[in-house]
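# Report on the structure
Spelled out, the chains give:
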Amino acid sequence: GAVVSQHPSWVICKSGTSVKIECRSLDFQATTMFWYRQFPKQSLMLMATSNEGSKATYEQGVEKDKFLINHASLTLSTLTVTSAHPEDSSFYICSARDRGREEQFFGPGTRLTVL
Amino acid sequence: GIQVEQSPPDLILQEGANSTLRCNFSDSVNNLQWFHQNPWGQLINLFYIPSGTKQNGRLSATTVATERYSLLYISSSQTTDSGVYFCAAPGYSSASKIIFGSGTRLSIRP
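This section reports on the structure supplied with the text. (Residues numbered from 1 in each chain as written. Chains lettered and ligands numbered in written order. Predicted model: local features only at pLDDT ≥ 70, side-chain atom pairs only at ≥ 80, totals over all residues. Heavy atoms only, no water.)

Right, let's get into the interface of chain B and chain A. Interfaces are often sized by the accessible area lost when the parts come together. With 19 residues of chain B in contact, the opposing surface of chain A contributes 20 residues. Interface area for chain B against chain A, summed over the two sides, is near 1,500 Å², with a carbon-plus-sulfur share of 50%. On the chain B side of the contact with chain A, Ser96(B), Lys97(B) and Phe100(B) bury the most area, a combined 28% of that side's loss. Our enumeration of links across chain B and chain A arrives at one salt bridge. Note that Lys97(B) is salt-bridged to Glu59(A), the shortest N-O span being 2.8 Å. In this assembly, chain B and chain A are joined by six residue pairs in polar contact (both at pLDDT 80 or more). Looking at the side of chain B that touches chain A, the elements that each hand over two or more residues are strand 4 (33-37), strand 5 (43-48) and strand 10 (98-100) of chain B. Class assignment of the residues belonging to the side of chain B that touches chain A gives a composition of eight nonpolar, nine polar and two charged. (Contact = heavy atoms within 4.5 Å. Buried area = accessible area lost by both parts, 1.4 Å probe. Salt bridge = Lys/Arg side-chain N within 4 Å of Asp/Glu carboxyl O. Polar contact = N/O pair within 3.5 Å; in protein donor to acceptor, adjacent residues only side chain to side chain. Helix = DSSP H or I, 4+ residues; strand = E, 2+ residues; numbered from the N terminus. Nonpolar A, V, L, I, M, F, W, Y, C, P; charged D, E, K, R; others polar.)

Turning our attention to the pairing of strand 6 (residues 52-56) of chain B. Residues and elements named next belong to chain B. Among the five residues of strand 6, zero are classified as buried, and the element is accordingly described as predominantly exposed. Of the strand pairs in this sheet, strand 6 and strand 7 (residues 59-64) are connected by five bridges, and their pairing is antiparallel. Bridge pairing in strand 7 places Gly52 opposite Thr63. The turn linking strand 6 back onto strand 7 is made up of two residues, and Gly57 within it adopts a positive phi angle of 65°. (Buried < 20%, exposed > 50% of the residue type's maximum accessible area, 1.4 Å probe, protein only. Pairing = 2+ DSSP bridges.)

Right, let's get into the sheet that holds strand 3 (residues 19-25) of chain A. All names here are of chain A. A sheet is described by the order of its strands in space; here four strands give the open sequence 1-3-8-7, paired in antiparallel fashion. Every interior strand has two partners, whereas the edge strands, strand 1 (4-7) and strand 7 (67-73), have only one. For this sheet, the mean angle separating the axes of adjacent strands, direction not counted, is 15°. One ladder, built from four bridges, connects strand 1 with strand 3; its direction is antiparallel. Of the residues in strand 3, the one forming a bridge with His7 is Glu22. (Axes fitted to C-alpha atoms, helices over the stretch in contact; angles between N-to-C directions.)

Moving on, we come to the packing of aromatic side chains. Within this structure, the stated rule accounts for eight aromatic pairs over all chains. Judged by centre distance (5.8 Å) and plane angle (80°), the ring pair of Phe106(A) and Phe100(B) falls under edge-to-face. Taken as a pair, Phe106(A) in strand 10 (residues 104-106) and Phe100(B) in strand 10 lie in two separate chains rather than in one. Side by side, Phe106(A) and Phe100(B) carry an identical accessibility label, which is buried. Its relative accessible area of 9% is what places Phe100(B) among the buried residues. Through a chain of ring-to-ring contacts, the aromatic side chains of Tyr36(A), Phe106(A), Phe35(B), Phe86(B) and Phe100(B) assemble into a single cluster. When the ring centre of Phe67(A) is taken as origin, the NZ or CZ atom of Lys66(A), which lies over that ring, is 6.0 Å away. When the ring centre of Tyr69(B) is taken as origin, the NZ or CZ atom of Arg22(B), which lies over that ring, is 4.3 Å away. (Phe/Tyr/Trp six-rings, centres within 6.5 Å; stacked < 30°, edge-to-face > 60°. Lys NZ or Arg CZ within 6 Å of the ring centre and 35° of its normal.)

Right, dumping it as structure tokens:
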């Protein structure tokens, strides 16, 4: 149980385009999902917290207009990187928290490369 | 916010050796998680351990909440144990979010 999937697993795009990443909880309902970014040889940095049916809460320094988050259902959250630039290249990881549990379970990550 | 520190930052061991990884946190916590990030980037939940000791096969973890630290023990290391080990504790402003330590990069040599 507690499986989280992400799609795509990797994506290469041109500068200025937008990229959408999906995060799904496959066998549980996730009232809260989280989006992280990880640069090479660094730890995970939380970007935003997404609650089903409400606006996401962004961490300080994360541009909400650039990183659009939608949590439309209890099993799906999406992150859209708008007008991507090379400095947005990173490993993006989502996690989900099962209703009534404290643990977070993580997706396999999406490696974004912006040319 | 809460500070989470891990040591050592890097650890290189021969297969079969035992290791202890440490996680210190700056304030009392009501939960703590240990993860293993494999070479492909997937984070694997190892332990949810707000206090006490838990064991799962060759791995065990102990959290002493009153002294603000947790330890992860790996016995009889295997090459598949290589990767980065993270601990994470809840943030102050929101109990739902967790703050990661900087990780311990473990390399097991055959």
